[in-house]
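So you can see what is in the structure, the chains are spelled out below.
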Amino acid sequence: MADPQAVLDSPALRDLDRHATTVFRERGAAYERDDAMPVENLKDLHARGLLHVTVSRENGGLGANVSSEDTATFPQLIRTIARGDSSTAHCFQVHNHTAWLIEGTGTQEQIERFLKPVTARFGLFSSIGSEPGRTNMYVMQTKARRVSGGYIVNGVKNYATNGPLADGLVTFVGLDGVEGYANNHQMVILEPGMDGLVIDDAWYQPNGMRAARSSLLTLNDVFVPDSHVLGEPGAYPKGRWQGRFHLGFAANYLGTAEGLYAWYLDYIRKKGKAGDGITQLRTGEMRIALDGARALFHHALRSWRTQPVVEAELISMSAKSAAAHAAFDLSHKVIHAAGSTALFDEFPLSRFIRDLETHVLHAGHDRTAQIIGQGELGESFDSTLQR
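Residues numbered from 1 in each chain as written. Predicted model: local features only at pLDDT ≥ 70, side-chain atom pairs only at ≥ 80, totals over all residues. Heavy atoms only, no water.

J.: Even after reading the chapter, I still don't get the pairing of strand 2 (residues 143-147), so can you show me in this structure?
T.: When a strand is regular, its side chains alternate between the sheet's two faces. Bridge count between strand 2 and strand 3 (residues 150-161): five bridges; the pairing is antiparallel. In the sheet register, Arg145 faces strand 3, and the bridge partner there is Ile152. With two bridges joining them, strand 2 and strand 4 (residues 168-175) adopt parallel strand pairing. Paired with Lys143 across the bridge in strand 4 is Gly174. (Pairing = 2+ DSSP bridges. Helix = DSSP H or I, 4+ residues; strand = E, 2+ residues; numbered from the N terminus.)

J.: Would you take a moment to explain the nonpolar core for this structure?
T.: Within soluble globular proteins, side chains that are nonpolar tend to cluster in buried spots. Residues Phe92, Leu247 and Tyr264 are the most contacted members of the largest nonpolar core, which totals 87 residues. Ranked by residue count, the leading element in this core is helix 9 (residues 246-270), at 13 residues. Those residues in contact with Tyr264, other than ones at most four positions away along the chain, are Thr279, Thr283, Met286, Val334, Ala337 and Ala338. (Core = buried A, V, L, I, M, F, W, Y, C linked by side-chain atoms within 4.5 Å. Buried < 20%, exposed > 50% of the residue type's maximum accessible area, 1.4 Å probe, protein only. Contact = heavy atoms within 4.5 Å.)

J.: Honestly, empty space enclosed by the protein in this entry has me stumped. Any pointers?
T.: Leftover empty space is mapped by rolling, across the atoms, a probe with the size of a water molecule. Taken as a whole, this structure holds three cavities of 30 Å³ or more when the rule is applied. Looking at the second largest cavity, its volume works out to about 40 Å³. Forming the boundary of the second largest cavity are Arg25, Gly84, Asp85, Ser86, Arg351, Phe352 and Asp355. Among the elements that take part in the lining of the second largest cavity, helix 12 (residues 349-359) stands out by supplying three residues, more than any other. Its residues assigned to classes, the lining of the second largest cavity comprises one nonpolar, two polar and four charged. (1 Å grid on protein atoms, 1.4 Å probe; cavity = no way out; pocket = protein on both sides within 12 Å on 5 of 7 lines; lining within 4 Å. Points joined across faces, edges and corners; volume = space filled by probe spheres on them. Nonpolar A, V, L, I, M, F, W, Y, C, P; charged D, E, K, R; others polar.)

J.: Can you help me understand the packing of helix 11 (residues 309-338) against helix 12 in this one?
T.: The geometry of helix 11 relative to helix 12 is characterised by a closest axis approach of 10 Å and an angle of 150° between their N-to-C directions. Classed by the angle they form, the pair helix 11 and helix 12 counts as roughly antiparallel. Crossing handedness for the pair helix 11 and helix 12: left-handed. Across from Ala327, Phe328, Ser331, Val334 and Ile335 in helix 11, the residues of helix 12 making contact are Leu349, Ile353, Leu356 and Glu357. (Axes fitted to C-alpha atoms, helices over the stretch in contact; angles between N-to-C directions. Parallel < 35°, antiparallel > 145°, perpendicular 65-115°, else oblique. Left-handed = near helix turned anticlockwise from the far one by under 90°.)

J.: I'm lost on the pattern of salt bridges in this one. Help?
T.: Side chains that differ in sign of charge can pair as their charged atoms come close. If you walk through the whole model with that rule in mind, you get 26 salt bridges. Between Arg305 and Glu69 there is a salt bridge whose closest N-O contact spans 2.6 Å. Of this pair, Arg305 sits in helix 10 (residues 277-306) while Glu69 sits in the loop between helix 3 (39-47) and helix 4 (73-82), and the two are 236 residues apart along the sequence. With a relative accessible area of 36%, Arg305 lands in the partly exposed category. (Salt bridge = Lys/Arg side-chain N within 4 Å of Asp/Glu carboxyl O.)

J.: What's the story with helix 5 (residues 86-105) in this structure? I'm lost.
T.: Since one α-helical turn is 3.6 residues long, residues separated by three or four positions face the same way. If you check helix 5, its first and last C-alpha atoms are 28 Å apart, about what 20 residues at 1.5 Å a residue would give, namely 28 Å. For helix 5, the buried fraction is high: 19 of the 20 residues fall into the buried class. (Expected span 1.5 Å × (residues − 1).)

J.: Looking at this model, I keep getting lost on unusual backbone geometry. Mind explaining?
T.: Where the residue is not glycine, phi is negative for most of them; where a peptide bond is considered, it is trans in most cases. Of note in this structure, Asn162 is not a glycine but carries a positive phi near 80°. Within the fold, Asn162 resides in the loop between strand 3 and strand 4. Positive phi values are uncommon outside glycine, yet Asp221 reaches one of about 50°. Inspection of the secondary structure assignment puts Asp221 in strand 7 (residues 214-225).

J.: How should the packing of aromatic side chains be read in this particular structure?
T.: Aromatic rings considered in pairs are described by the distance between their centres and by the relative angle of their planes. All chains considered together, the criterion is met by twelve aromatic pairs. Note on Tyr159 and Trp203: the rings are 5.1 Å apart at their centroids and 80° apart in plane angle, and the pair reads as edge-to-face. Residue Tyr159 is located in strand 3, and its partner Trp203 is located in the loop between strand 6 (197-200) and strand 7; the two are separated by 44 residues in the primary sequence. Among the residues examined, Tyr159 registers a relative accessible area of 41% and is labelled partly exposed. The exposure class of Trp203 is partly exposed, given its relative accessible area of 32%. Within the aromatic cluster, the residues linked to one another by ring pairs are Trp100, Tyr138, Phe172, Tyr236, Trp241 and Phe245. The side chain of Lys43 reaches across the aromatic face of Phe122, ending 5.7 Å from its centre. Sitting over the face of the ring of Tyr151, Arg146 holds its NZ or CZ atom 4.9 Å from the ring centroid. (Phe/Tyr/Trp six-rings, centres within 6.5 Å; stacked < 30°, edge-to-face > 60°. Lys NZ or Arg CZ within 6 Å of the ring centre and 35° of its normal.)

As structure tokens, then:
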């Protein structure tokens with residue numbers, strides 16, 4: 001089992017940390033301004049041999065994910081990238097989650113057709129469960145009707161991260177006329193250019209994370225052939241795939257907070273404010289909160305090799321929520337300690353804060369705490385239901 005701290009301290013990640021907190025961060029301002037995907041940053045990751053990290057070495061990756069012997073490298077990469085740019089880290093995260101999902105649930109023919117061509121070059125995937133008005137993570141309003149040779153799919157999906165550049169989009173649909181999400185939840189692989197598929201990037205206009213372009217998909221009688229049907233019905237919820245993704249979000253929250261904190265320390269020292277007692281107090285509080293979030297994050301990384309899967313999911317949910325709360329608390333303390341000038345556009349502070357405010361809302365942290373409480377009290381719960 002790879003030690004989380006040893007992975008973080010490795011020469012490859014230390015070098016990436018320097019690159020992310022300089023080059024990625026500098027480019028991030030332009031990506032946000034232009035509503036553009038962080039293509040150059042992602043290409044840099046590809047050049048370093050890191051873009052497809054969750055895929056097995058046999059199929060063009062590094063074989064590092066929380067179900068492997070190396071549970072640490074993928075989340076630590078997200079964390080390191082997020083220190084420079086949260087949007088780049090999220091695009092990297094979603095691509096890798098999707099590539100891992102295709103390899104884990106697809107047929108050999110699908111791996112050859114969809115996965116290997118992307119891992120052999122610079123390419124990206126997207127996966128989309130979200131829908132307008134969705135009330136349950138696994139109950140889809142987008143419906144697939146069986147026809148000869150495949151399905152006809154109709155519906156609207158949103159938050160398709162990497163959508164503008166995705167080679168393939170793994171999309172969650174409900175099988176028409178089949179009851180219960182364990183049987184009707186189905187994954188299909190969409191490709192740009194399919195008749196009836198509209199990918200709308202202009203829809204995505206959030207407060208933060210603007211470079212993590214997340215398209216709106218409209219499906220009007222899209223024919224999805226059997227060759228593009230991924231896994232058996234219910235493969236995603238039955239395989240507990242959602243529970244494997246908690247730490248990806250935790251890593252982004254933690255890395256963004258660390259990047260913000262490191263920038264703040266440098267800013268305060270250069271401003272000559274390090275001797276102020278209140279500033280020292282606030283800085284100490286920030287460090288304590290970060291230390292706690294870091295320790296729990298590393299505990300969660302180890303838990304996937306040392307604990308039963310449900311316990312690992314619950315610990316990962318705790319780490320995700322703790323990182324989110326620490327990041328929010330830190331961002332507000334930084335504003336008060338650094339002062340209003342630090343929020344000017346010449347500095348990255350306001351972008352850090354906007355990204356955190358937007359990205360942390362990906363997960364319902366009240367619901368996360370409730371699920372953990374259900375487990376503690378002996379009530380029934382599903383630790384895969386919340387990102």
